[in-house]
Amino acid sequence: MSEIIIRSVIAKDIQHVAEIEAICFPETEAAPRKSFEDRIAAFPEYFLVAETEGRLIGFINGCVTNSSVVYDELFYSTEHHVPDGENLAIFGLDVIPAYRGQGIAARLMNQFIQLARNTGRKSVILTCKDRLVHYYESFGYVNNGVSESTHGGAQWFDMTLAL
Ligand SMILES: CC(C)(COP(=O)(O)OP(=O)(O)OC[C@H]1O[C@@H](n2cnc3c(N)ncnc32)[C@H](O)[C@@H]1OP(=O)(O)O)[C@@H](O)C(=O)NCCC(=O)NCCS
């Protein structure tokens, strides 16, 4: 198998990132290209991509907040980013179908958690669907129950990893 590299995002990744998001999430939940442009311009340090043979195959991205839970406005505006905030919030974790089940999302997640540690955050927070609660628990996240988020009209669970 070819080597898979995890690296920081760069501006020229935007198109591929937006394409991966559209493959991985339904239209109502997928972040639009404009959101990625804004996030990468505002806080590129909280955006990692997975690449193999010069092709992007996945990514993880987020921002910093003092909120203990991910709330919907975080997704829509970079103005909610608090650079010296306590918690690293994850917006999304995506791996294209052909590369799933090989631990690539886990590598992205573990590197993101390390980033949170290195920058002195108290916790990493995310929301996920019922079917992935178990997956995130395997990293040590605790399920805090149904989220107030109605992002994309779906039901989400609040997950917290204390550092
Ligand atoms: C979730 C996702 C990022 C996992 O990527 P991946 O590289 O295959 O993940 P890993 O190889 O690290 O781990 C695979 C594990 O993910 C879990 N998983 C992934 N998709 C799942 C699904 N649809 N239902 C249940 N479990 C799932 C499984 O527990 C699997 O565990 P296993 O090793 O026992 O098979 C990928 O399936 C994806 O992009 N899905 C669509 C977008 C999404 O839902 N993202 C997460 C919400 S933010």
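Below is a summary of the structure that appears in this document. Just so we're clear, the structure is a prediction, and the values are computed from it rather than from any experiment. (Residues numbered from 1 in each chain as written. Predicted model: local features only at pLDDT ≥ 70, side-chain atom pairs only at ≥ 80, totals over all residues. Heavy atoms only, no water.)

In this section: the packing of aromatic side chains. Applying the stated criterion to the full structure yields nine aromatic pairs. Ring plane angle 65° and centroid distance 6.1 Å describe the contact between F36 and F47, whose orientation is recorded as edge-to-face. In this pair, F36 is assigned in helix α2 (residues 33-42) and F47 in strand β2 (residues 47-52), connecting sequence segments 11 residues apart. The exposure classification of F36 matches that of F47, with both residues buried. Considering the side-chain rings of F43 and F91, the 6.5 Å spacing of their centres and the 40° angle between planes classify their relative orientation as tilted. Of the two residues, F43 is situated in the loop between α2 and β2 and F91 in strand β4 (residues 87-95); the sequence distance between them amounts to 48 residues. Among the aromatic residues, ring-to-ring pairing joins F43, F75, Y76 and F91 into one connected group. (Phe/Tyr/Trp six-rings, centres within 6.5 Å; stacked < 30°, edge-to-face > 60°. Helix = DSSP H or I, 4+ residues; strand = E, 2+ residues; numbered from the N terminus. Buried < 20%, exposed > 50% of the residue type's maximum accessible area, 1.4 Å probe, protein only.)

With that out of the way, let us pick up helix α1 (residues 14-24). Looking only at α1, the buried set comprises I14, V17, A18, I20, E21 and C24. Looking straight down α1, one finds its buried side chains confined to an arc of 160°; they lie on one side. Exposed side of α1, more than 90 degrees from the buried face: A22 and I23 are the residues found there. Along its buried surface, α1 packs onto α2, β2, β3 (55-65) and β4. (Arc of directions from axis to C-beta. Contact = heavy atoms within 4.5 Å.)

Okay, the site of the ligand next. The immediate surroundings of the ligand are formed by 17 residues, with L93, V95, G101, G103 and Y135 found nearest. Measuring from an oxygen atom of the ligand, one finds a backbone N or O atom of Q102 at 3.2 Å. For the ligand, a nitrogen atom lies 3.2 Å from a polar atom in the side chain of R131. For the ligand, the protein covers 68% of the area, taking 900 Å² as the surface of the free molecule. Taken together, the residues of the shell around the ligand break down into 10 nonpolar, four polar and three charged. (Near = heavy atom within 4 Å. Polar contact = N/O pair within 3.5 Å; in protein donor to acceptor, adjacent residues only side chain to side chain. Areas by Shrake-Rupley, 256 points an atom, 1.4 Å probe, with all protein chains shown as cover. Nonpolar A, V, L, I, M, F, W, Y, C, P; charged D, E, K, R; others polar.)

With that settled, the discussion passes to the layout of surface pockets. Of the pockets and cavities examined, the largest pocket occupies roughly 790 Å³. In terms of lining residues, the largest pocket is bounded by 40 residues, among which F25, L93, D94, L132 and Y136 are the most central. Elements with a contribution of two residues or more to the lining of the largest pocket: α1, α2, β3, α3 (72-76), β4, α4 (104-118), β5 (123-128) and α5 (133-137). Counting residues per element, the lining of the largest pocket draws most heavily on β4, at six residues. Here the lining of the largest pocket is composed, by residue class, of 24 nonpolar, nine polar and seven charged. (1 Å grid on protein atoms, 1.4 Å probe; cavity = no way out; pocket = protein on both sides within 12 Å on 5 of 7 lines; lining within 4 Å. Points joined across faces, edges and corners; volume = space filled by probe spheres on them.)

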